[in-house]
Amino acid sequence: MLKKILTGAAIAALAVGLGACSSTRPADGGGDAAGGSGDCNVGIAMPTRSLERWINDGEQLQKKLQDAGCTVDLQYADNKTDQQISQIQNQISGGAKILVIAAIDGSTLGPVLQEAKAQNATVIAYDRLINGSENVDYYATFDNYKVGTLQGQFIEEQLGLKDGKGPFNLEPFAGSPDDNNAKFFFAGAWDVLKPYVDKGQIVVPSGKSPANDDAWASIGIQGWASDKAQAEMDNRLSSFYSGGKKVNVVLSPNDSLAIGIEASLKSAGYTAGADYPIITGQDADKANVKAILEGLQSMTVWKDTRALGDRVFQMIQEIKDGKTVEVNDTKTYDNGKKVVPSYLLTPEVVVKDDVQSKLIDSGFLKASDVGL
Ligand code: BGC
(Lines give C-alpha, C1' and ligand atoms only; values in the text may rest on other atoms or scores of the structure.)
Protein backbone atom coordinates (compact mmCIF):
# COMPACT_ATOMS: atom_id res chain seq x y z
CA MET A 1 0.00 0.00 0.00
CA LEU A 2 2.74 2.38 1.11
CA LYS A 3 4.67 1.44 -1.98
CA LYS A 4 1.61 2.21 -4.08
CA ILE A 5 1.17 5.60 -2.49
CA LEU A 6 4.85 6.38 -2.85
CA THR A 7 4.81 5.33 -6.47
CA GLY A 8 1.79 7.52 -7.03
CA ALA A 9 3.50 10.43 -5.31
CA ALA A 10 6.67 9.84 -7.29
CA ILE A 11 4.73 9.83 -10.53
CA ALA A 12 2.92 13.00 -9.54
CA ALA A 13 6.22 14.65 -8.63
CA LEU A 14 7.72 13.57 -11.90
CA ALA A 15 4.73 14.88 -13.77
CA VAL A 16 5.16 18.25 -12.09
CA GLY A 17 8.91 18.18 -12.75
CA LEU A 18 8.54 17.31 -16.39
CA GLY A 19 5.30 19.14 -16.64
CA ALA A 20 4.75 21.64 -19.28
CA CYS A 21 5.56 25.12 -18.19
CA SER A 22 3.80 27.86 -19.94
CA SER A 23 4.48 30.98 -21.78
CA THR A 24 1.99 33.70 -22.33
CA ARG A 25 1.41 35.02 -25.74
CA PRO A 26 3.66 37.97 -26.43
CA ALA A 27 1.86 41.27 -26.08
CA ASP A 28 1.65 42.50 -29.61
CA GLY A 29 -0.60 45.40 -29.03
CA GLY A 30 -3.30 43.72 -30.98
CA GLY A 31 -5.33 42.46 -28.04
CA ASP A 32 -7.09 39.40 -29.28
CA ALA A 33 -4.97 39.45 -32.42
CA ALA A 34 -6.08 36.10 -33.70
CA GLY A 35 -9.66 37.08 -33.14
CA GLY A 36 -12.34 34.93 -31.60
CA SER A 37 -13.05 31.45 -32.82
CA GLY A 38 -14.93 32.99 -35.74
CA ASP A 39 -11.64 34.47 -36.94
CA CYS A 40 -9.37 31.50 -37.32
CA ASN A 41 -7.42 32.13 -40.49
CA VAL A 42 -4.33 29.94 -40.64
CA GLY A 43 -1.56 29.74 -43.23
CA ILE A 44 0.46 26.55 -43.28
CA ALA A 45 3.75 26.64 -45.22
CA MET A 46 5.42 23.27 -45.76
CA PRO A 47 8.77 22.72 -47.51
CA THR A 48 8.10 20.06 -50.13
CA ARG A 49 5.83 17.30 -51.31
CA SER A 50 8.83 15.19 -52.24
CA LEU A 51 9.00 13.72 -48.74
CA GLU A 52 6.11 11.72 -47.40
CA ARG A 53 6.28 13.16 -43.93
CA TRP A 54 5.56 16.75 -45.02
CA ILE A 55 2.52 15.63 -47.01
CA ASN A 56 1.16 13.90 -43.91
CA ASP A 57 2.09 16.79 -41.64
CA GLY A 58 0.33 19.36 -43.80
CA GLU A 59 -2.78 17.40 -44.64
CA GLN A 60 -3.42 16.20 -41.09
CA LEU A 61 -3.15 19.66 -39.59
CA GLN A 62 -5.24 21.20 -42.35
CA LYS A 63 -8.05 18.70 -41.76
CA LYS A 64 -8.10 19.20 -38.00
CA LEU A 65 -8.26 22.95 -38.39
CA GLN A 66 -10.94 22.81 -41.07
CA ASP A 67 -13.02 20.48 -38.92
CA ALA A 68 -12.75 23.07 -36.18
CA GLY A 69 -14.12 25.72 -38.54
CA CYS A 70 -10.86 27.49 -39.42
CA THR A 71 -9.98 28.89 -42.82
CA VAL A 72 -6.77 27.19 -43.90
CA ASP A 73 -4.33 27.80 -46.71
CA LEU A 74 -1.82 24.93 -47.08
CA GLN A 75 1.17 25.44 -49.39
CA TYR A 76 4.18 23.38 -50.42
CA ALA A 77 7.24 25.13 -51.82
CA ASP A 78 9.16 22.51 -53.75
CA ASN A 79 12.14 23.09 -51.42
CA LYS A 80 12.60 26.58 -52.93
CA THR A 81 13.09 29.40 -50.47
CA ASP A 82 11.77 32.16 -52.75
CA GLN A 83 8.66 30.18 -53.44
CA GLN A 84 8.07 29.67 -49.74
CA ILE A 85 8.51 33.39 -49.04
CA SER A 86 5.96 34.37 -51.67
CA GLN A 87 3.51 31.75 -50.42
CA ILE A 88 3.77 33.21 -46.91
CA GLN A 89 3.32 36.72 -48.34
CA ASN A 90 0.12 35.56 -50.04
CA GLN A 91 -1.11 34.05 -46.81
CA ILE A 92 -0.47 37.33 -45.01
CA SER A 93 -2.33 39.31 -47.66
CA GLY A 94 -5.11 36.73 -47.45
CA GLY A 95 -5.58 37.74 -43.82
CA ALA A 96 -3.77 34.93 -42.00
CA LYS A 97 -3.68 35.54 -38.27
CA ILE A 98 -1.68 32.46 -37.46
CA LEU A 99 1.21 31.16 -39.56
CA VAL A 100 2.56 27.64 -39.17
CA ILE A 101 5.88 27.41 -40.99
CA ALA A 102 8.20 24.47 -41.62
CA ALA A 103 11.03 26.54 -43.06
CA ILE A 104 13.19 25.47 -45.97
CA ASP A 105 15.98 27.82 -44.98
CA GLY A 106 15.18 29.10 -41.52
CA SER A 107 17.54 32.05 -41.87
CA THR A 108 15.79 33.71 -44.81
CA LEU A 109 12.35 34.44 -43.41
CA GLY A 110 13.11 37.57 -41.31
CA PRO A 111 11.61 40.15 -43.71
CA VAL A 112 8.42 38.21 -44.41
CA LEU A 113 7.89 37.61 -40.70
CA GLN A 114 8.20 41.36 -40.21
CA GLU A 115 5.22 41.71 -42.56
CA ALA A 116 3.39 39.05 -40.55
CA LYS A 117 3.96 40.98 -37.35
CA ALA A 118 2.68 44.15 -38.96
CA GLN A 119 -0.73 42.51 -39.10
CA ASN A 120 -0.40 40.96 -35.65
CA ALA A 121 -0.13 37.43 -36.93
CA THR A 122 1.27 34.84 -34.53
CA VAL A 123 4.06 32.69 -35.95
CA ILE A 124 4.63 29.05 -35.01
CA ALA A 125 7.83 27.45 -36.30
CA TYR A 126 6.86 23.91 -37.20
CA ASP A 127 9.42 21.13 -36.78
CA ARG A 128 12.30 23.42 -37.88
CA LEU A 129 13.36 26.57 -36.07
CA ILE A 130 13.29 29.91 -37.87
CA ASN A 131 16.52 31.78 -37.15
CA GLY A 132 17.46 35.44 -36.90
CA SER A 133 13.99 36.86 -36.29
CA GLU A 134 12.27 38.33 -33.22
CA ASN A 135 8.97 37.46 -34.80
CA VAL A 136 8.84 33.76 -34.05
CA ASP A 137 6.38 33.26 -31.23
CA TYR A 138 6.49 29.50 -30.65
CA TYR A 139 8.28 26.39 -31.83
CA ALA A 140 6.75 22.91 -31.90
CA THR A 141 8.99 19.99 -32.75
CA PHE A 142 10.38 16.66 -31.68
CA ASP A 143 13.45 16.67 -29.48
CA ASN A 144 15.96 16.93 -32.31
CA TYR A 145 19.06 16.28 -30.21
CA LYS A 146 17.37 13.15 -28.85
CA VAL A 147 16.80 11.90 -32.42
CA GLY A 148 20.57 11.93 -32.92
CA THR A 149 21.22 10.42 -29.50
CA LEU A 150 18.92 7.50 -30.34
CA GLN A 151 20.80 6.91 -33.60
CA GLY A 152 24.19 7.09 -31.89
CA GLN A 153 23.12 4.80 -29.04
CA PHE A 154 21.66 2.29 -31.47
CA ILE A 155 25.03 2.05 -33.22
CA GLU A 156 26.85 1.89 -29.88
CA GLU A 157 24.71 -1.04 -28.75
CA GLN A 158 24.67 -2.97 -32.01
CA LEU A 159 28.43 -2.84 -32.31
CA GLY A 160 29.15 -3.54 -28.64
CA LEU A 161 31.24 -0.39 -28.41
CA LYS A 162 30.78 -0.11 -24.65
CA ASP A 163 32.41 -3.55 -24.38
CA GLY A 164 35.43 -2.29 -26.24
CA LYS A 165 34.69 -3.99 -29.57
CA GLY A 166 36.12 -2.67 -32.83
CA PRO A 167 37.56 -1.27 -34.96
CA PHE A 168 34.55 -0.75 -37.26
CA ASN A 169 34.38 1.23 -40.49
CA LEU A 170 31.83 4.03 -40.20
CA GLU A 171 30.64 6.51 -42.82
CA PRO A 172 28.83 9.46 -41.24
CA PHE A 173 26.36 11.74 -43.05
CA ALA A 174 24.57 14.89 -41.92
CA GLY A 175 21.44 16.68 -43.07
CA SER A 176 20.92 19.84 -45.08
CA PRO A 177 23.23 22.69 -44.01
CA ASP A 178 20.35 25.18 -44.21
CA ASP A 179 18.13 23.18 -41.82
CA ASN A 180 18.60 24.12 -38.19
CA ASN A 181 17.52 20.62 -37.12
CA ALA A 182 20.42 18.99 -38.91
CA LYS A 183 23.03 20.27 -36.49
CA PHE A 184 21.02 18.95 -33.52
CA PHE A 185 20.64 15.52 -35.13
CA PHE A 186 24.36 15.36 -35.79
CA ALA A 187 25.40 16.62 -32.36
CA GLY A 188 23.15 14.07 -30.63
CA ALA A 189 24.72 11.19 -32.55
CA TRP A 190 28.29 12.47 -32.59
CA ASP A 191 28.34 13.08 -28.84
CA VAL A 192 27.81 9.32 -28.48
CA LEU A 193 30.10 8.19 -31.32
CA LYS A 194 33.03 10.63 -31.38
CA PRO A 195 34.64 9.22 -28.19
CA TYR A 196 34.87 5.85 -29.98
CA VAL A 197 36.47 7.52 -33.01
CA ASP A 198 39.01 9.05 -30.64
CA LYS A 199 39.70 5.65 -29.07
CA GLY A 200 40.09 3.97 -32.46
CA GLN A 201 37.06 1.65 -32.03
CA ILE A 202 35.48 3.50 -34.93
CA VAL A 203 37.45 4.34 -38.04
CA VAL A 204 36.20 6.57 -40.84
CA PRO A 205 38.04 5.37 -44.00
CA SER A 206 36.82 8.31 -46.12
CA GLY A 207 38.26 10.76 -43.60
CA LYS A 208 34.86 12.50 -43.51
CA SER A 209 34.84 12.57 -39.77
CA PRO A 210 33.94 16.01 -38.38
CA ALA A 211 36.47 17.12 -35.77
CA ASN A 212 33.62 18.30 -33.52
CA ASP A 213 29.86 18.89 -33.51
CA ASP A 214 30.23 22.34 -35.07
CA ALA A 215 31.95 20.94 -38.15
CA TRP A 216 28.87 18.92 -39.14
CA ALA A 217 27.99 20.95 -42.24
CA SER A 218 31.15 19.66 -43.97
CA ILE A 219 29.32 16.34 -44.41
CA GLY A 220 25.84 17.84 -44.90
CA ILE A 221 23.70 16.81 -47.86
CA GLN A 222 21.98 19.84 -49.38
CA GLY A 223 18.19 19.67 -49.46
CA TRP A 224 18.20 16.23 -47.81
CA ALA A 225 18.32 14.86 -51.36
CA SER A 226 18.45 11.07 -51.82
CA ASP A 227 20.33 11.32 -55.11
CA LYS A 228 23.02 13.54 -53.57
CA ALA A 229 23.46 11.10 -50.68
CA GLN A 230 23.72 8.27 -53.19
CA ALA A 231 26.38 10.09 -55.24
CA GLU A 232 28.35 10.90 -52.10
CA MET A 233 28.25 7.28 -50.95
CA ASP A 234 29.25 6.11 -54.45
CA ASN A 235 32.30 8.37 -54.22
CA ARG A 236 33.27 7.17 -50.79
CA LEU A 237 32.90 3.52 -51.75
CA SER A 238 34.88 3.80 -54.95
CA SER A 239 37.64 5.96 -53.47
CA PHE A 240 38.15 4.44 -50.04
CA TYR A 241 36.87 0.88 -50.09
CA SER A 242 39.04 -0.86 -52.63
CA GLY A 243 40.63 -4.24 -52.00
CA GLY A 244 37.74 -5.87 -50.18
CA LYS A 245 37.41 -3.28 -47.41
CA LYS A 246 33.80 -3.15 -46.16
CA VAL A 247 31.60 -0.51 -44.58
CA ASN A 248 30.28 -1.74 -41.22
CA VAL A 249 28.02 1.14 -40.32
CA VAL A 250 26.51 4.28 -41.82
CA LEU A 251 25.19 7.11 -39.69
CA SER A 252 22.33 8.47 -41.76
CA PRO A 253 20.34 11.25 -40.08
CA ASN A 254 17.08 10.51 -41.89
CA ASP A 255 15.25 8.20 -44.25
CA SER A 256 15.65 10.20 -47.45
CA LEU A 257 19.44 10.02 -47.12
CA ALA A 258 19.26 6.36 -46.08
CA ILE A 259 17.40 5.50 -49.30
CA GLY A 260 20.21 6.99 -51.40
CA ILE A 261 22.91 5.32 -49.32
CA GLU A 262 21.15 1.96 -49.60
CA ALA A 263 20.92 2.31 -53.39
CA SER A 264 24.63 3.01 -53.51
CA LEU A 265 25.47 0.00 -51.34
CA LYS A 266 23.29 -2.16 -53.54
CA SER A 267 25.10 -1.12 -56.68
CA ALA A 268 28.42 -1.79 -54.96
CA GLY A 269 27.25 -5.36 -54.35
CA TYR A 270 26.17 -5.28 -50.70
CA THR A 271 23.20 -7.58 -49.99
CA ALA A 272 21.07 -8.14 -46.90
CA GLY A 273 22.64 -10.54 -44.43
CA ALA A 274 25.25 -10.76 -41.73
CA ASP A 275 27.78 -8.57 -43.55
CA TYR A 276 25.33 -5.83 -44.47
CA PRO A 277 26.13 -2.55 -42.66
CA ILE A 278 24.09 -1.06 -39.86
CA ILE A 279 22.18 1.93 -41.28
CA THR A 280 20.19 4.44 -39.26
CA GLY A 281 17.29 6.64 -40.38
CA GLN A 282 14.48 8.89 -39.25
CA ASP A 283 10.80 9.43 -40.20
CA ALA A 284 9.45 5.90 -40.79
CA ASP A 285 8.82 6.61 -44.47
CA LYS A 286 7.10 3.72 -46.24
CA ALA A 287 10.05 2.84 -48.49
CA ASN A 288 12.37 2.77 -45.49
CA VAL A 289 10.05 0.67 -43.38
CA LYS A 290 9.99 -1.80 -46.27
CA ALA A 291 13.79 -1.68 -46.31
CA ILE A 292 13.81 -2.40 -42.57
CA LEU A 293 11.58 -5.42 -43.12
CA GLU A 294 13.90 -6.60 -45.89
CA GLY A 295 17.02 -6.20 -43.76
CA LEU A 296 18.34 -3.28 -45.82
CA GLN A 297 18.03 -0.66 -43.08
CA SER A 298 18.51 -1.28 -39.36
CA MET A 299 16.24 1.26 -37.71
CA THR A 300 14.36 4.49 -38.10
CA VAL A 301 13.62 7.13 -35.52
CA TRP A 302 9.89 7.51 -35.60
CA LYS A 303 8.33 10.90 -35.01
CA ASP A 304 4.57 10.51 -34.97
CA THR A 305 3.61 13.50 -37.08
CA ARG A 306 0.03 13.17 -35.86
CA ALA A 307 1.19 14.07 -32.34
CA LEU A 308 3.01 17.12 -33.68
CA GLY A 309 -0.12 18.17 -35.57
CA ASP A 310 -2.19 17.72 -32.40
CA ARG A 311 0.22 19.84 -30.43
CA VAL A 312 0.16 22.65 -32.99
CA PHE A 313 -3.61 22.41 -33.20
CA GLN A 314 -3.73 22.86 -29.43
CA MET A 315 -1.37 25.85 -29.63
CA ILE A 316 -3.61 27.43 -32.25
CA GLN A 317 -6.68 26.97 -30.04
CA GLU A 318 -4.83 28.59 -27.14
CA ILE A 319 -3.63 31.47 -29.27
CA LYS A 320 -7.00 32.22 -30.80
CA ASP A 321 -8.75 31.98 -27.43
CA GLY A 322 -6.16 34.34 -25.92
CA LYS A 323 -5.04 31.64 -23.48
CA THR A 324 -1.58 30.78 -22.22
CA VAL A 325 0.27 28.62 -24.71
CA GLU A 326 1.70 25.48 -23.19
CA VAL A 327 5.41 24.90 -23.81
CA ASN A 328 7.92 22.56 -22.15
CA ASP A 329 11.30 24.01 -23.14
CA THR A 330 12.40 27.60 -22.76
CA LYS A 331 16.16 27.11 -22.98
CA THR A 332 17.28 25.11 -25.97
CA TYR A 333 16.20 26.93 -29.10
CA ASP A 334 17.98 30.26 -29.33
CA ASN A 335 17.40 31.59 -32.83
CA GLY A 336 20.02 34.31 -32.56
CA LYS A 337 17.45 36.95 -31.56
CA LYS A 338 15.57 35.20 -28.79
CA VAL A 339 15.07 31.86 -27.14
CA VAL A 340 11.89 30.63 -28.74
CA PRO A 341 9.41 29.01 -26.32
CA SER A 342 9.14 25.45 -27.52
CA TYR A 343 7.14 22.29 -27.13
CA LEU A 344 9.33 19.22 -27.67
CA LEU A 345 7.82 15.82 -28.34
CA THR A 346 9.62 12.53 -27.79
CA PRO A 347 10.93 10.50 -30.74
CA GLU A 348 11.32 6.72 -30.58
CA VAL A 349 13.31 3.98 -32.25
CA VAL A 350 11.59 1.50 -34.55
CA VAL A 351 13.31 -1.74 -35.62
CA LYS A 352 11.99 -4.67 -37.62
CA ASP A 353 10.23 -6.28 -34.66
CA ASP A 354 8.29 -3.12 -33.78
CA VAL A 355 6.93 -2.32 -37.21
CA GLN A 356 3.63 -4.05 -36.52
CA SER A 357 3.12 -2.93 -32.93
CA LYS A 358 4.30 0.67 -33.26
CA LEU A 359 3.60 1.72 -36.83
CA ILE A 360 0.77 -0.47 -38.08
CA ASP A 361 -1.29 -1.03 -34.92
CA SER A 362 -1.22 2.72 -34.20
CA GLY A 363 -2.55 3.41 -37.70
CA PHE A 364 0.52 5.46 -38.70
CA LEU A 365 1.05 3.16 -41.70
CA LYS A 366 -1.16 0.56 -43.33
CA ALA A 367 0.13 -3.02 -43.50
CA SER A 368 -0.33 -2.86 -47.27
CA ASP A 369 1.90 0.24 -47.46
CA VAL A 370 4.86 -1.85 -46.43
CA GLY A 371 3.99 -5.13 -48.06
CA LEU A 372 2.66 -6.87 -44.94
C1 BGC B 1 12.92 16.93 -40.29
C2 BGC B 1 13.10 15.47 -40.62
C3 BGC B 1 13.18 15.30 -42.11
C4 BGC B 1 14.14 16.27 -42.76
C5 BGC B 1 14.07 16.24 -44.27
C6 BGC B 1 14.01 17.74 -40.93
O7 BGC B 1 13.90 19.07 -40.62
O8 BGC B 1 12.92 17.11 -38.88
O9 BGC B 1 12.02 14.74 -40.08
O10 BGC B 1 13.61 14.00 -42.42
O11 BGC B 1 13.89 17.57 -42.34
O12 BGC B 1 12.86 16.69 -44.72
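Because the structure is a prediction, the values reported are computed rather than measured.

Draft legend 1. Summary view of unusual backbone geometry. Look at the link from G166 to P167: it is a cis peptide, with omega at 0 degrees. Its place among the elements puts P167 in the loop between α5 (144–159) and β7 (168–172). Phi is positive for W224, which is not a glycine, with a value near 55 degrees. Its location among the elements puts W224 in the loop between β8 (202–203) and α7 (226–240). Accessibility expressed as a relative area gives 9% for W224, which makes it buried. Its identity is not glycine, yet A284 carries a phi of approximately 55 degrees, on the positive side. You can see A284 is positioned in the loop between β10 (278–279) and α9 (286–293).

Draft legend 2. Just the pattern of salt bridges, in detail. Under the defined criterion, the tally for this structure stands at 17 salt bridges. Salt-bridge contacts for D57 lead to R53; the nearest nitrogen and oxygen are separated by 3.0 Å. Of this pair, D57 and R53 both sit in helix α2 (residues 52–67), separated by four residues, roughly a single helical turn. The class of D57 is buried, set by a relative accessible area of 0%. Overall, R53 belongs to the buried group, its relative accessible area being 5%. Between D127 and K303 there is a salt bridge, with the nearest N and O atoms lying 3.9 Å from each other.

Draft legend 3. Region of interest: the side chain of R236. Within the element layout of this structure, R236 appears in helix α7. A distance of 2.9 Å separates polar atoms of two side chains, one belonging to R236 and the other to E171. If we ignore the near neighbours within four places in the chain, the residues touching R236 are E171, P172, F173, S206, K208, I219 and Y241.

Draft legend 4. Structural view of the state of the cysteines. Throughout the structure, instances matching the rule amount to one disulfide. The disulfide partner of C40 is C70, and the S-S distance across this bridge is 2.1 Å. Across the S-S bond linking C40 and C70, the dihedral sits near 80 degrees, which makes this disulfide right-handed. Residue C40 is found in the loop between β1 (21–23) and β2 (41–46), and its partner C70 is found in the loop between α2 and β3 (71–76); the two are separated by 30 residues along the sequence. Owing to a relative accessible area of 4%, C40 belongs among the buried residues under this scheme.

Draft legend 5. Examining the site of the ligand more closely. Close contacts around the ligand come from 13 residues, with R53, D127, R128, D179 and D283 the closest. At 2.8 Å, a side-chain N or O of N254 approaches an oxygen atom of the ligand. In the environment of the ligand, an oxygen atom lies 2.5 Å from a nitrogen or oxygen atom belonging to the side chain of D283. Here the ligand, which alone exposes 310 Å², has 99% of that area covered by the protein. Within the residue set of the shell around the ligand, elements represented by two or more residues are α2 and α6 (180–199). Considering only residue class, the shell around the ligand consists of four nonpolar, three polar and six charged. Looking at the shell around the ligand, you find at least three residues from each of domain 1 (2–136 + 304–346) and domain 2 (144–302).

Draft legend 6. Here's a closer look at the sheet that holds β8. Pairing in this open sheet of four strands is parallel, and the strands run β8-β7-β9-β10 from one edge to the other. Across the chains shown, the open sheet's two edge strands, defined by having one partner strand only, are β8 and β10. Sheet analysis places strand β9 (residues 249–251) next to β10, joined by two bridges and oriented parallel. Residue V249 lies in a different strand from β10, and its bridge partner there is I278.

Draft legend 7. Region of the structure containing the pairing of strand β4 (residues 98–101). The side-chain alternation of β4 yields two buried faces, one formed by I98 and V100 and the other by L99 and I101. One ladder, built from four bridges, connects β2 with β4; its direction is parallel. Each bridged residue has a counterpart across the sheet, and for V42 the counterpart in β4 is I98. Bridge count for β4 against strand β5 (residues 122–126) is four bridges, and the pairing is parallel. Across the sheet, I101 pairs through a bridge with A125, a residue of β5. For the handedness criterion, the β-α-β arrangement of β4, helix α4 (residues 110–118) and β5 is classed as right-handed.

The rules we used
Residues numbered from 1 in each chain as written. Predicted model: local features only at pLDDT ≥ 70, side-chain atom pairs only at ≥ 80, totals over all residues. Heavy atoms only, no water. Helix = DSSP H or I, 4+ residues; strand = E, 2+ residues; numbered from the N terminus. Buried < 20%, exposed > 50% of the residue type's maximum accessible area, 1.4 Å probe, protein only. Salt bridge = Lys/Arg side-chain N within 4 Å of Asp/Glu carboxyl O. Polar contact = N/O pair within 3.5 Å; in protein donor to acceptor, adjacent residues only side chain to side chain. Contact = heavy atoms within 4.5 Å. Disulfide = S-S within 2.5 Å. Near = heavy atom within 4 Å. Areas by Shrake-Rupley, 256 points an atom, 1.4 Å probe, with all protein chains shown as cover. Nonpolar A, V, L, I, M, F, W, Y, C, P; charged D, E, K, R; others polar. Domains from an automatic or database assignment. Pairing = 2+ DSSP bridges. Right-handed = clockwise from strand over helix to strand, strands pointing away.

By themselves these figures say nothing about function.
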